[in-house]
Amino acid sequence: MSLNFRALMGASAVAALTAGTAWAETTITVATVNNGDMIRMQGLMDDFNAQHPDIKVDWVTLEENVLRQRVTQDIATNGGQFDVMTIGTYEVPIWAAQDWLVPLEGMPEGYDADDFLPAIAGGLKKDGKLYAAPFYGESSMVMYRKDLMEKAGLEMPDAPTWEFIKQAADAMTDKEAEVYGICLRGKAGWGENMAFLTAMANSYGARWFDEDWQAQFDQPEWKAALDMYMDLMTNDGPPGASTNGFNENLSLFQQGKCGMWIDATVAASFVTNPDDSTVADQVGFALAPDNGLGKRGNWLWAWTLGIPAGSDAPEAAKTFISWATSKGYTELVASKEGWANVPPGTRTSLYENQEYLDAAPFAQMTLESILAADPTAPTVDPVPYTGVQFVAIPEFAGIGTQVGQEFSAALAGQQTVDQALDKAQALTTDEMEAAGY
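Please read all numbers here as calculations on a predicted model, not as lab measurements. (Residues numbered from 1 in each chain as written. Predicted model: local features only at pLDDT ≥ 70, side-chain atom pairs only at ≥ 80, totals over all residues. Heavy atoms only, no water.)

1. Considering the overall build of the chain
Stage number 1. Scanning the chain for helices and strands turns up 18 helices and 11 strands.
Stage number 2. Computed over its C-alpha atoms, the radius of gyration of the chain comes to 24 Å, within 12% of the 22 Å expected for a compact globule of 437 residues.
Stage number 3. The principal-axis extent of the C-alpha atoms belonging to the chain is close to 95 × 55 × 40 Å.
Stage number 4. When the accessible surface of the chain is split by element, carbon and sulfur atoms take 49% of a total near 18000 Å².
Stage number 5. Within the chain, the 60 negative side-chain charges are centred at a point lying 4 Å from the centre of the 25 positive side-chain charges. (Helix = DSSP H or I, 4+ residues; strand = E, 2+ residues; numbered from the N terminus. Rg over C-alpha atoms; globule rule 2.2 N^0.38 Å. Areas by Shrake-Rupley, 256 points an atom, 1.4 Å probe, with all protein chains shown as cover. Lys, Arg positive; Asp, Glu negative; His and termini not counted. Charge placed at Lys NZ, Arg CZ, Asp CG, Glu CD.)

2. Describing helix α4 (residues 64–76)
Stage number 1. With 13 residues, α4 extends 18 Å between its outermost C-alpha atoms, agreeing within 8% with the 18 Å of an ideal straight helix rising 1.5 Å per residue.
Stage number 2. All buried positions along α4 are accounted for by E64, N65, L67, R68, V71, D74 and I75.
Stage number 3. Elements that come into contact with the buried residues of α4 comprise β1 (26–33), β2 (55–62), β3 (84–88), α5 (91–97) and β11 (301–306).
Stage number 4. Sitting at the amino-terminal end of α4 is E63, which places a side-chain oxygen 3.2 Å from the backbone nitrogen of N65.
Stage number 5. Where α4 terminates, the next one or two residues include N78, which has phi positive at roughly 55°. (Expected span 1.5 Å × (residues − 1). Buried < 20%, exposed > 50% of the residue type's maximum accessible area, 1.4 Å probe, protein only. Contact = heavy atoms within 4.5 Å. Polar contact = N/O pair within 3.5 Å; in protein donor to acceptor, adjacent residues only side chain to side chain.)

3. Points about the sheet that holds strand β8 (residues 180–183)
Stage number 1. In spatial order, the strands read β8-β9-β7-β10; together these 4 strands make up an open sheet with mixed pairing. Two strands bound the open sheet, and with one partner strand each, they are β8 and β10 (283–287). Going from strand to strand, the sheet's axes swing by 20° on average, the running direction of each strand aside.
Stage number 2. As defined by bridge partners, strand β7 (residues 140–145) adjoins β10 across 5 bridges and the pair is classed as antiparallel. Looking at the pairing, R145 lines up with V283 of β10. (Pairing = 2+ DSSP bridges. Axes fitted to C-alpha atoms, helices over the stretch in contact; angles between N-to-C directions.)

Interpretation in functional terms is not warranted from these geometric data alone.
The structure is reproduced here in structure tokens:
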């Protein structure tokens, strides 16, 4: 064999080895929402990369409404654009029933799926199988400025009523100083303003549908809830509230411009973080308000990671999910950011960890809020659906978004409450009849 031939063969072997290495690397695309915990995860990817150098992760990070549109379109058409999707408690059981998701079986030893809070994991299973893993779980609660409450001469109860919330919002509002008594979601979307308003309406005795699937927006309970919401936002809310969702209100609260904010419990770590919040040392917490009817205005939700059936790399996707939703990831965040900043609301063991309980003044209120929300009995009067801040039927995403647009338009002053409710009643009735209910 000539030297040149040997050299050529050697070069070929190196090329083949290199090609083999390149072929062995798997790339997965993760679609996620632009919330703080997901952004933090992207900053901690060195840990995953060190453990799994053969898996490359590409991120697609989107605003909440846009994320929902993109992942729903992709999974319904089996598009295969994403290998991991950030989806919620609403989508998981519906999509699992359509065989659109890969069951999370065969997770690594020590993953301990049984450690997930039953209230959270229960909504992510079909036939006993887990179809998405919770990255963080949440309910909603009142976050408030203790200094402004004291200045107003009031004391926040652990379990306030809507009447007290209105009294406190009026007392804390100082529009000249750009301090608003309350900040609430106004941005249209079934998971934006309608998440808040549906939970609020539950506490007023309102329902989306009666037991015969008849729309209920023409009933006095919805009118009472929406009137209170408009009163709060018009008299005590920030300008431009009809375009404010979770992230916009978080920013306002961190800047000291909100006396109270009723929203996701997951926000607690961000409003109490002195690196991000100018009022970090003045934040108190209370349960979501009620109206004396036995239901509080709090929701139940989990942002989860699931694998669409169209993924061509399900094993690599499962490896990523097992890392991101593990006890080890929680410990990683704690080591880098402190225990108060770990993803909350998913594992029982977290709420048995004294280091976390000591570091997170909101931990117990978060757990109580999660456990208080019952998706199987979300309303005062009986309903034919499950879901606290949503109705767990495929048609809800479209109907909820349309109703949210009408309510947001009322908040923007483009129509009255009565007009918004009339339109909500008509469009919901039409859509449900078209769907065969």
